[in-house]
Amino acid sequence: VQLQASGGGLVQAGGSLRLSCAASGRTFSSYAVGWFRQAPGKEREFVAAIISSGITTWYADSVKGRFTIPRDNAKNTVYLQMNSLKPEDTAVYYCATAPFIYSGSYYNPAKYDYWGQGTEVTVSS
C-alpha cells in the first residue's frame, strides 16, 4: 500500500489548509486512517482519526473544534481540514492506516501499519 500526503504549506495564523491522504494498493475503505504530526524537537503526536465507515472520529484536544477529518472512500482519500490555525500547529503531518482502531487505541501510532511520507505545515504568527 502507498499513502501520499499532500496539501501542506505556509499559512498565517487564523488561516486554513486542507491536507489530503490518497491511498493506493489496498481496499482503502476497509481501514481506519489517522493523522499524526511531529514538530521539530518533539515526539510524533496524534491529531485525528476516522474509522473505515466514517461514522466515528476522534480528535486531539488541541485541535478539537478547529480540525475535521472527512473521508471519501470513492476517491480513496482522507482529508484533514484545518481551520483557525495557530503557530503551534506547525509540524510535519503524516497520515497512516490501521486495520482496526477503537477508543483505546486510536491515538497509538503503533496500531497503524502503513504511513505516508508527510507534508509540512508552517503557521506564521
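The structure we're discussing is the one just above.
None of these values were measured; they are calculated from a predicted model. (Residues numbered from 1 in each chain as written. Predicted model: local features only at pLDDT ≥ 70, side-chain atom pairs only at ≥ 80, totals over all residues. Heavy atoms only, no water.)

## A closer look at the overall build of the protein chain
Piece 1. Helix and strand counts for the protein chain stand at 0 helices and 12 strands.
Piece 2. Put simply, the protein chain runs from its N terminus to its C terminus through helices and strands in the order β-β-β-β-β-β-β-β-β-β-β-β.
Piece 3. Taken over the C-alpha trace, the protein chain has a radius of gyration of 13 Å; the compact-globule value for 125 residues is 14 Å, and the two agree within 12%.
Piece 4. Expressed along its principal axes, the backbone C-alpha trace of the protein chain runs to roughly 40 × 30 × 25 Å.
Piece 5. A burial count over the protein chain gives 44% of its 125 residues as buried.
Piece 6. When contacts within the protein chain are restricted to residue pairs at least 6 apart in sequence, long-range pairs at least 24 apart make up 58% of them.
Piece 7. With an accessible surface of roughly 6200 Å², the protein chain has 47% of that area assigned to carbon and sulfur atoms.
Piece 8. A distance of 5 Å separates the average location of the 11 positive side-chain charges in the protein chain from that of its 8 negative side-chain charges. (Helix = DSSP H or I, 4+ residues; strand = E, 2+ residues; numbered from the N terminus. Rg over C-alpha atoms; globule rule 2.2 N^0.38 Å. Buried < 20%, exposed > 50% of the residue type's maximum accessible area, 1.4 Å probe, protein only. Contact = heavy atoms within 4.5 Å. Areas by Shrake-Rupley, 256 points an atom, 1.4 Å probe, with all protein chains shown as cover. Lys, Arg positive; Asp, Glu negative; His and termini not counted. Charge placed at Lys NZ, Arg CZ, Asp CG, Glu CD.)

## Considerations on the state of the cysteines
Piece 1. A complete count under the given rule lists 1 disulfide for this structure.
Piece 2. Each sulfur in the disulfide pair Cys21 and Cys95 lies 2.1 Å from the other. Residues Cys21 and Cys95 are joined through a disulfide that is right-handed, its torsion about the S-S bond being 75°. Taken as a pair, Cys21 in strand E3 (residues 17–24) and Cys95 in strand E10 (residues 91–98) lie far apart in primary sequence, 74 residues in all.
Piece 3. Look at Cys21 and you get buried, because its relative accessible area is 0%. (Disulfide = S-S within 2.5 Å.)

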